[in-house]
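Breakdown of the fold
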Amino acid sequence: MEYLHDVLRAGEAARRTAVPNDPTGTGGRRAYEAHVRTLRELHIEREGWARLVHGRLELVCNADRSMAMGVMVGDAATGQASLFPKNGRRRGAATGQVTQANEGEGAAQVQTALFVAGAGPRGVSLSEEEAAALKTWFLLSYRTKVGDAVRVGCELSRPKRFVDGFVVEWGRRIPLPALTMDGIEPLNDDGPGEIDIPVDFR
Amino acid sequence: MVTPSRIALARKRRGMTLAQLSDRSSISLQSLSNYETGRTAPRSATLNKLASALDFPAAFFQGPPLEELPADGISWRARSKTSPRVLDAARAAGTLGATLYTWIAESFRLPAVDVPSLGRPDPETAAAMVRTRWELGEAPAPNMVHLLEAHGVRVFSLDPDHAEVDAFAVWREGVPFVFLNTLKSAERGRFDAAHELGHLVMHGSEHACSGPEAERQANAFASAFLMPRASVLGHMPSGAHVDQIIRGKRIWKVSAMALTYRLHDLSLLTDWQYRSTCAELSRLGYRSAEPESMGERETSQVLTKVFAALRTKGVKPSAVAAELGLTSEEMNRLLFGLTLTTVAGGGQQTAPTPTRHLSAVSSPPSVAARPPSNPVPAFARP
């Protein structure tokens, strides 16, 4: 969980590098990029995992290639065990395919083989059998901002059913404590006053 | 009568070796050596050649011996590879600054020295003790130059040509002196001033004032003095992001890097957060500069008031320089960026964001009306 909060924090740091003159959506894109990169870096460095581009999903997978992890933007229910979260934006076929694999429904159509040559150091590609057996989890996050303070609700969840671009059922959910980042307490007074030093002729 | 030590001082001030001075003045090495040791004295024509080569008025060499700033007691804030000759030049400039202050103190009532010598405590405690003594509480520190001056510290500018020296401080006969490089950002100037205060407080005459450990202590003192623990904990969130640090630094008027260091020091940033914050600040240019700076550098109140008061009596800075046997330019370098600087055409202007060219003075130095052996200026005599 410590890693996952670091991942979200890195995303928040990256989001904040966007300035008003950046194109609309830059902050969100940078957050996504930082989420993927940090999730991979921390697992590669500390757990011996490997980078995996599976279909069009940017993932990191464990050494025996049985489990992979990616990131997903959730909704307001994210992190709350009593509620049912959905992905905030419509997702493509690749998410549907790993969801099918999560349920043992095969994933013959996932084109991992295309990426064999491009996997590079620390990267892997999966055989058809491995792809069919892969269990893919997502770090779901949902960010809210009140004043200068930020709260990121989060959970690690495995999709079970995927319909029309949205996850409609989860096989397993691990709600995580929300990551909260406080704001600055601004200085309320005018700051330190002027010092007047008497300098007179003797 | 020529004072041998003044020849050596002027040579050091110009950062010259005896051989270089010999080349420049066409005076033999042996003669120069004899003049500096006092074995022989230069004749009038030779003295003029010497004065010209060293760019000091001839009258300077005829003043009484000057008490140099003690070499041992100086805490240098300078790059580690700074050559001894540059440090000697800065120290010689410091000696001239101390001479100017002696002159000022004879005419003006200046704040009494109230800088404790604490020695023993750790920097965090020492900073808290000085804050308590100066009744600052936990509030952000006011103008650091004014604060030092109000407590009797004599603040001068370092020669702008010695960019590799950031600052130095020294006690001389119970009077603390601080010399600041006024070309750096306003925030770094404040940190330098607090750093030197740390040396004055913790590394008086009886404690080592140089070396990595003394530097670390002075940095820790400056950090704690400018950013008191309770104040930082009260204003800054745990795990502050770069944008928050850039906003937060305005509370204490410190650099973004200094606040980041303090946040890590107070465990408000983890090691990992600290490293990534430093990397991002570097990317934004905060390691070598201060992009969103507080603006104007802090300047000297005492020197500004002294020269303003002198003007009301019709005494120009050039006359003060002449009285001390200095060129106007030499004196301007001591005041550079801290107060009014005379410029070409006899006008004057403040130098809030100093750049090197402002130190140039084209008006020729006045001839010394009398040697500085009688340092009480005419207007101040009863």
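Provided above is the structure to which this section pertains.
These lines cover the structure that appears in this document, whether it is placed above or below. (Residues numbered from 1 in each chain as written. Chains lettered and ligands numbered in written order. Predicted model: local features only at pLDDT ≥ 70, side-chain atom pairs only at ≥ 80, totals over all residues. Heavy atoms only, no water.)

Comments concerning the overall build of chain A
Counting its regular elements, chain A contains 4 helices and 8 strands. Counting from the amino terminus, chain A carries its helices and strands in the arrangement α-α-β-β-β-α-β-α-β-β-β-β. In terms of principal-axis extent, the alpha carbons of chain A reach across some 95 × 40 × 30 Å. Across the 202 residues of chain A, 45% fall into the buried class. Here the contacts in chain A between residues at least 6 apart in sequence split such that 59% fall between residues at least 24 apart. Here chain A displays about 10,600 Å² of accessible surface, and carbon together with sulfur accounts for 49% of that area. (Helix = DSSP H or I, 4+ residues; strand = E, 2+ residues; numbered from the N terminus. Buried < 20%, exposed > 50% of the residue type's maximum accessible area, 1.4 Å probe, protein only. Contact = heavy atoms within 4.5 Å. Areas by Shrake-Rupley, 256 points an atom, 1.4 Å probe, with all protein chains shown as cover.)

Thoughts on the sheet that holds strand β7 (residues 166-181) of chain A
All names here are of chain A. Strands sit in the order β4-β1-β2-β3-β5-β6-β7 across an open sheet of 7 strands; the sheet is mixed. Whereas interior strands pair on both sides, the edge strands pair on one side only; in this sheet they are β4 (123-124) and β7. Where strand β5 (residues 135-146) and strand β6 (residues 149-163) come together, 9 bridges link them in antiparallel fashion. Note that in β6 the partner of L139 across the bridge is L156. (Pairing = 2+ DSSP bridges.)

Some remarks on the sheet that holds strand β3 (residues 154-157) of chain B
Sheet strands pair by backbone hydrogen bonding; their relative direction is either parallel or antiparallel. Residue and element names in this part refer to chain B. If you walk across this open sheet you meet the 4 strands as β1-β4-β5-β3, and the pairing is mixed. The sheet terminates laterally at β1 (75-78) and β3, the two strands that pair on one side only. Looking at each pair of strands side by side, their axes are set apart by 15° on average, direction ignored. In terms of strand pairing, β1 meets strand β4 (residues 165-172) through 4 bridges, oriented antiparallel. Pairing of S75 across the sheet is with A169, part of β4. (Axes fitted to C-alpha atoms, helices over the stretch in contact; angles between N-to-C directions.)

Some points on the interface of chain B and chain A
On the chain A side, the residues contacting the 40 residues of chain B number 28 residues. Together, the buried faces of chain B and chain A total about 2,800 Å²; carbon and sulfur atoms form 60% of this surface. Considering only the side of chain B, the residues that lose the most area to chain A are R109, H241 and W272 of chain B, jointly responsible for 26% of the buried surface there. Counting every contact that joins chain B to chain A gives 3 salt bridges. Here D243 of chain B ties to R16 of chain A by a salt bridge, and the two come within 3.0 Å at their closest N and O atoms. The interface formed by chain B and chain A includes 14 residue pairs in polar contact (both at pLDDT 80 or more). Looking at the side of chain B that touches chain A, the elements that each hand over two or more residues are α5 (84-107), β2 (108-109), α7 (144-150), α10 (229-235), α11 (242-252), α13 (271-283) and α14 (301-312) of chain B. Considering each element in turn, the side of chain B that touches chain A owes the most residues, 6 residues, to α14 of chain B. Looking at the side of chain B that touches chain A residue by residue, the class counts come to 19 nonpolar, 12 polar and 9 charged. (Buried area = accessible area lost by both parts, 1.4 Å probe. Salt bridge = Lys/Arg side-chain N within 4 Å of Asp/Glu carboxyl O. Polar contact = N/O pair within 3.5 Å; in protein donor to acceptor, adjacent residues only side chain to side chain. Nonpolar A, V, L, I, M, F, W, Y, C, P; charged D, E, K, R; others polar.)

Overview of the packing of aromatic side chains
All names here are of chain B. Under the defined criterion, the tally for this structure stands at 12 aromatic pairs over all chains. Aromatic pair F60 and F61: ring centres 5.5 Å apart, planes at 85°, arrangement edge-to-face. Here the two residues F60 and F61 agree in accessibility, since each one is buried. Taken together, a centroid distance of 5.2 Å and an interplanar angle of 75° make the contact between Y101 and F156 edge-to-face. Of this pair, Y101 sits in helix α5 while F156 sits in strand β3, and the two are 55 residues apart along the sequence. On the accessibility criterion, Y101 (3% relative accessible area) is buried. (Phe/Tyr/Trp six-rings, centres within 6.5 Å; stacked < 30°, edge-to-face > 60°.)

A look at the packing of α5 of chain B against helix α16 (residues 328-335) of chain B
Residues and elements named next belong to chain B. Where α5 meets α16, the closest approach of the two axes is 10 Å, and the angle between their N-to-C directions is 90°. In terms of orientation, α5 and α16 fall into the roughly perpendicular class. Counting all contacts with α5, which are made through A93, L96, G97 and L100, the residues of α16 involved are E330, M331, L334 and L335. By residue class, the composition of the contact of α5 with α16 is 6 nonpolar, 1 polar and 1 charged. (Parallel < 35°, antiparallel > 145°, perpendicular 65-115°, else oblique.)

What about the pattern of salt bridges?
Residue and element names in this part refer to chain B. Within this structure, the stated rule accounts for 34 salt bridges over all chains. Of the charged contacts, one joins R77 and D192 as a salt bridge, the two residues approaching to 2.6 Å between their closest N and O atoms. Of the two residues, R77 sits in strand β1 while D192 sits in helix α8 (residues 186-202), which places them 115 residues apart along the sequence. Taken individually, R77 and D192 each receive the classification buried, so the pair is uniform in this respect. The residue R333 makes a salt bridge to E329 at a minimum N-O spacing of 3.1 Å. Remark: E329 and R333 occur in helix α16; sequence separation between them is 4 residues, near one turn of the helix. Taking the relative accessible area as the measure of exposure, R333 reaches 12% and is therefore buried. Residue classification places E329 among the partly exposed positions, given a relative accessible area of 23%.

Things to note about the environment of T312 of chain B
Residues and elements named next belong to chain B. In this structure, T312 sits in helix α14. For T312, a relative accessible area of 64% translates into the label exposed. Put simply, T312 and T260 are 52 residues apart on the chain and 46 Å apart in space, counted from C-alpha to C-alpha. Here the side chain of T312 touches A309 through a polar contact of 2.4 Å, landing on its backbone oxygen.

So, the packing of helix α6 (residues 123-133) of chain B against helix α9 (residues 212-226) of chain B
All names here are of chain B. Interhelical geometry of α6 versus α9 gives an angle of 45° and a closest axis separation of 8 Å. Comparing the axis directions of α6 and α9 gives the class oblique. At the point where α6 passes α9, the crossing takes the right-handed sense. Residues P123, E124, A126, A127, V130 and R131 of α6 touch α9, and the partners they reach there are Q217, A220, F221, A224, F225 and L226. In the contact of α6 with α9, the residues fall into 9 nonpolar, 1 polar and 2 charged. (Left-handed = near helix turned anticlockwise from the far one by under 90°.)

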